[in-house]
Amino acid sequence: MKRLFSILVIIALCYFCLPETAQGRGNDFSQQAQESLRKKEYIRARYLFLQAYEAYASATPPDYAQAVECGVQAAALYHRENYYNEAFELLYAVERTLIAGEKTTGKEMPALRYPVTRERLRMYIKLRKTASAKEQLSKLEGWAEAAQVDSLSTDLLYTQANYFYTFGMNAQGDQTFNRLVERYAQQADYDKAEACYQELIGRSRRAGNTGMMARAYSNYMAWHDSIAHIKAQKEYDALKAQYDGAQQTIGEKDKALSARRYTIVGLCILAAILAGALVLGGVVLFRFILLTRKQKKIIGTVNEHLALKTKFIHNISAQMNPTLDTLDASQPGVQALKSFSAHIEELSALEDSLAEPYETEETNVSAFCEKVMKEVRGQVKEGVTLTVNAPKLNVRINTEHTAKILRHLLLNAAEYTPTEGKIWLDFKKRGAHTHQFVVTDTGCGIAEERRADLFKPFNAVRDLTQGDGLGLPICSLEATKMNGTLTLDTGYTKGARFVLELHA
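Residues numbered from 1 in each chain as written. Predicted model: local features only at pLDDT ≥ 70, side-chain atom pairs only at ≥ 80, totals over all residues. Heavy atoms only, no water.

1. Focus: the overall build of the protein
Item 1. In terms of helices and strands, the protein carries 17 helices and seven strands.
Item 2. Within the protein, the fraction of its 504 residues that count as buried is 34%.
Item 3. Counted over contacts in the protein with a minimum sequence separation of 6, partners at least 24 positions apart contribute 64%.
Item 4. In the form shown here, the protein has an accessible surface area of approximately 31,400 Å², with 56% of it arising from carbon and sulfur atoms. (Helix = DSSP H or I, 4+ residues; strand = E, 2+ residues; numbered from the N terminus. Buried < 20%, exposed > 50% of the residue type's maximum accessible area, 1.4 Å probe, protein only. Contact = heavy atoms within 4.5 Å. Areas by Shrake-Rupley, 256 points an atom, 1.4 Å probe, with all protein chains shown as cover.)

What follows is the structure in structure tokens.
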């Protein structure tokens, strides 16, 4: 009996002491590495990326995509500290892992070969080894062509331009980069074309390539001037078209007035004949006046009833509360009615005070967005990635109501975003006094038939335990009080994207 008990204890200890899976270790190391990288703890980040790479590579089956990402990250950190030998050795190890994976799976992995070759090319460029860099560039072109991925094709053009500019081949660099810009310029999408120049300047700055940065900036200024001329010409053409249209309208009206003069003369001749008709017209006019007065009275009555209806809706929610307080608050129906009552009062209060704007204060956007995202982090499903993209910039906003709107949007996104999905909170500066908060998710999106009434209250009969549908209308009114708007980006099709635009 004692022996059996000992065996059971040993089995239990073995069960609870089983090591974590390699995939799980890789995920933990990767997350810790990303956190260290954000804190600029580069040595620790490099060590953790190496551990993550080894864990992913040794998993069953290996997670090649994650292994490549972590291996290349670690090599880049070696490269950053000028440890080129270690970086090259690590990239060769990653490449051997991919070759083994291709043999095992029987499938080529050009999309994963691409980042390994690109990192090796970056080091050769920094070391000014022209022949080796050219060889890697040729391989990179082959991987991009085999992968047939748009993002890799775009990245390849940036990388080719970097190579040409670095080694003094400015004409080829301009030609390569212009291929990228022309994609958007032909569509008159000047914002995306300008973003290409900004990206190239940013890459050259991060790489410390002053020559490429100067060349890219010079080309950007020349392009910017040319686009400004094109826009000015289009504006001139539009104004000229309006002027020509106005002149044509004036001419047509002159002709019409001339025709009317002849008509008036004819009418004067027929005045005697029309005397009886004028009497009849007077009777009709009198009846019309009476009808108009009646319609005004009806309109006044309707407006009065609308005001009473609004007051009734506001009062009924307050009258419901004493009765609701006597019911079991743990019941979902009672909770739903209380929430509905509170929302009605809030909606009515907002409608009555739309002309009273909220006070604003200077706020750091980055810290503000991180704080809001942190508040909803515990509400998302397992595996959902939360990302904040906000600069360290101060703007004037009402933090309380802006945070309230963003929390509502993020909680909605958390509810409809499945496991392994993504949720972003972005901040964009659109002008000296205009900025946007953008909440994006990869959830199920919003059906097209619901979009028109998304921000309208009481547009459908609902089961209140499933939500009263007043959250977005309330958020929209609060945005209005902050001199802004809350809209749905209908062009985004991979989930839902809401844009809160505020004007200082």
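2. Describing the pairing of strand 3 (residues 394–397)
Item 1. Side chains of strand 3 alternate between two faces, with V395 and I397 buried and N394 and R396 left unburied.
Item 2. Sheet topology note: the strand 1 (residues 361–364)/strand 3 ladder contains four bridges and is antiparallel. Across the sheet, N364 pairs through a bridge with N394, a residue of strand 3. (Pairing = 2+ DSSP bridges.)

3. Quick word on the confidence of the model for the protein
Item 1. Residue-level pLDDT values for the protein average 81, and 77% of them are 70 or greater.
Item 2. The model gives residues 7–19 a pLDDT under 50, and that stretch makes zero contacts with residues more than four places away or in other chains. (pLDDT = per-residue confidence, 0-100.)

4. Overview of the packing of helix 2 (residues 22–38) against helix 4 (residues 64–80)
Item 1. At a minimum axis separation of 12 Å, helix 2 and helix 4 run at an interaxial angle of 35 degrees. In the packing of helix 2 onto helix 4, the handedness of the crossing is left-handed. Only E69, C70, Q73 and L77 of helix 4 make contact with helix 2, whose side of the interface consists of S30, Q34 and L37. (Axes fitted to C-alpha atoms, helices over the stretch in contact; angles between N-to-C directions. Left-handed = near helix turned anticlockwise from the far one by under 90°.)

5. Quick look at the pattern of salt bridges
Item 1. As enumerated under the stated definition, the model contains 11 salt bridges in all.
Item 2. Across the pair E35 and R38 runs a salt bridge whose closest N-O atoms are separated by 2.6 Å. Highlighted residues: E35 and R38, both in helix 2, separated by three residues, approximately one helical turn.
Item 3. Ionic pairing is found between D155 and R118, a salt bridge with its closest N-O pair at 3.1 Å. Note that D155 is positioned in helix 8 (residues 150–166) and R118 in helix 6 (residues 110–126), a separation of 37 residues in sequence.
Item 4. Given a relative accessible area of 18%, R118 falls into the buried group. (Salt bridge = Lys/Arg side-chain N within 4 Å of Asp/Glu carboxyl O.)

6. A short note on the sheet that holds strand 7 (residues 496–503)
Item 1. On the basis of which strands lie adjacent, the open sheet formed by five strands has the order 2-4-5-7-6 and mixed pairing. On the outer flanks of this sheet lie strand 2 (385–389) and strand 6 (484–488), each paired with one strand and no other. Geometrically, the sheet is characterised by an average inter-axis angle of 15 degrees between neighbouring strands, direction not taken into account.
Item 2. Pairing analysis gives eight bridges linking strand 4 (residues 422–431) to strand 5 (residues 434–441), with the strands arranged antiparallel. Following the sheet pairing, K429 is matched in strand 5 by H435.
Item 3. Packed on one face of the sheet, helix 17 (residues 471–481) meets strand 6 and strand 7 and runs near 145 degrees to strand 6.

7. Points about helix 2
Item 1. Spanning 17 residues, helix 2 covers 24 Å between terminal C-alpha atoms, matching the ideal 24 Å at 1.5 Å per step.
Item 2. If you check which residues of helix 2 are buried, you get A22, G24, G26, S30, A33 and S36.
Item 3. Contacts from the buried residues of helix 2 go to helix 3 (42–58) and helix 4.
Item 4. Just past helix 2, the residue K40 takes up positive phi, approximately 65 degrees. (Expected span 1.5 Å × (residues − 1).)

8. Some words on a positive patch on the surface
Item 1. Judged by side-chain charge, K40, R80, K126 and K392 come together as a positively charged surface patch.
Item 2. The residue K392 is located in the loop between strand 2 and strand 3 in this model.
Item 3. When its relative accessible area of 77% is taken as the criterion, K392 is described as exposed. (Patch = residues over 30% accessible without salt bridge, like charges linked within 9 Å, V, L, I, M, F, W, Y side chains within 5 Å. Lys, Arg positive; Asp, Glu negative; His and termini not counted. Charge placed at Lys NZ, Arg CZ, Asp CG, Glu CD.)

9. Remarks on the pairing of strand 5
Item 1. With eight of eight residues buried, strand 5 is to be regarded as a mostly interior element.
Item 2. A two-sided burial pattern is seen for strand 5, the buried positions comprising T434, Q436, V438 and T440 on one face and H435, F437, V439 and D441 on the other.
Item 3. Once strand 4 ends, the chain turns through two residues before running back antiparallel as strand 5.
Item 4. Bridge count for strand 5 against strand 7 is eight bridges, and the pairing is antiparallel.

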